[in-house]
Each structure stands twice: as structure tokens, then as C-alpha cells.
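Descriptive analysis of the structure
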Amino acid sequence: MTTSNREESRRTFLNRACLALGGVAAAIVGVPIVGYLLTPLIKSSQSAWRDVGAVDNFAVGTTVEVAFDEPSPLPWAGQAAKTAAWLRRTDDGFTAFAVNCTHLGCPVNWLADAKLFLCPCHGGVFYADGKVAGGPPQRPLWTQPVRVRNGRVEILTRPLQVA
């Protein structure tokens, strides 16, 4: 075998080795990304009724934050598996508002003295009924279904809405 043939075969071997290692690296990086992108298409998010307390715990005319478990948490989610809603009791019943602003999903705060929901991130303001009072949000706060069953208040949870 001549020197040029040996160099040619070594070059061919190194080219193939680089291509193989590059393919393995691309697969290691690409498989989780493809899984992340395809999971919502294959597995739909779950909704579930969550008990948030006895009816007597909520006074008429008040708005309180209630915490509950996410409907489909990941096993390693820990504290991130907790979520919340703003529960308002009126003479007509209960209304549950999502804790996220309809502008970009930032958490909103309830200001009891002003009777307003306020988004501290971008200045979104919502009335007590969830309608937009000012700022960049174009839509009212999202609501979640509420029911009273056996003297307990339950909220139908769902994943965070973004559109």
C-alpha cells in the first residue's frame, strides 16, 4: 500500500468517525427536543375538580386566593406542581379567576381596598368581575368552572391559558 492510499484510507476513516459521532451527538440533543415538541400532540393535559374548602370558609363579597395541585404534574415538579386561583363569592355564587394576567401570563394580585386585580409586571388592571380596567391586557381574566358539592367548593383546574 502506498503512502497516498494510506492517507486516503485514514482520511476516509476520520471523516466517517466524525460523521458518526456528530450523528450520535445530534440524536442525544434532538430526541428530547422532539419529545418536548410532540408530547402536547400525543398526551392532552388533564382537567380535574379540586376541593378548595368548605362553603362556610368563604364570606360573601370577598375574594381570596386558594391553592391546589396542578391537574397533571410531572413526578419531579415538587412545589411547582402547586397552582392557585382567585375565588370570589357573591350573592349569586362563586367565580374562580385564574391567577395569571391575560396579557403575558404574569401573576395578578388582589387589592381588597381598591377592589381591583393588579398585574405588577406590565400594569394590567382588572375590576373585581375580571373585566379589563386598564393597561395592556385586551381580554378579561380567565375564569374556571366552580361547583359546590356536599358543602365543599370545587374548582375545575386546567393548564395555563396563553391565547
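A quick note: this is a predicted structure, and the numbers were derived from the prediction, not measured.

Comments concerning the pattern of salt bridges
Pairing of side chains with opposite charge becomes possible as their charged atoms draw close. Summed over all chains, the structure comprises 3 salt bridges. With a shortest N-O distance of 2.9 Å, Arg-152 and Asp-51 are connected by a salt bridge. One end of the pair, Arg-152, is in strand E11 (residues 152–157); the other, Asp-51, is in strand E1 (residues 48–54), with 101 residues separating them in the sequence. Relative accessible area serves as the criterion here: at 38%, Asp-51 is assigned to the partly exposed category. Measuring nitrogen to oxygen at the nearest pair gives 3.9 Å for the salt bridge that ties Asp-129 to Lys-131. Judged by relative accessible area, Asp-129 falls into the partly exposed class, the value being 45%.

Re the nonpolar core
Core analysis: the biggest nonpolar cluster contains 13 residues, and Trp-86, Val-108, Phe-117, Phe-126 and Leu-141 have the highest contact counts within it. For this core, the secondary structure elements donating two or more residues are strand E3 (82–90) and strand E6 (116–119). When neighbours within four sequence positions are excluded, Val-108 is seen to be in contact with Trp-86, Ala-98, Val-99, Asn-100, Cys-101, Phe-117, Leu-118, Cys-119, Phe-126 and Leu-141. By size, the runner-up hydrophobic cluster in this structure holds 11 residues, among which are Phe-68, Ala-85, Leu-87 and Val-153.

A word on the environment of Ala-84
Summarising the element assignment, Ala-84 is placed in strand E3. In this structure, Ala-84 is in contact with Glu-65, Val-66, Ala-67, Phe-68 and Val-99, ignoring residues within four places of it in sequence.

Notes on unusual backbone geometry
Positive phi outside glycine occurs at Lys-115, with the angle close to 55°. Here Lys-115 is to be found in the loop between strand E5 (109–111) and E6. The phi dihedral of Asn-150 falls on the positive side, at around 55°, and the residue is not glycine. Here Asn-150 lies in the loop between strand E10 (146–149) and E11.

Cut-off values and rules
- Residues numbered from 1 in each chain as written.
- Predicted model: local features only at pLDDT ≥ 70, side-chain atom pairs only at ≥ 80, totals over all residues.
- Heavy atoms only, no water.
- Salt bridge = Lys/Arg side-chain N within 4 Å of Asp/Glu carboxyl O.
- Helix = DSSP H or I, 4+ residues; strand = E, 2+ residues; numbered from the N terminus.
- Buried < 20%, exposed > 50% of the residue type's maximum accessible area, 1.4 Å probe, protein only.
- Core = buried A, V, L, I, M, F, W, Y, C linked by side-chain atoms within 4.5 Å.
- Contact = heavy atoms within 4.5 Å.

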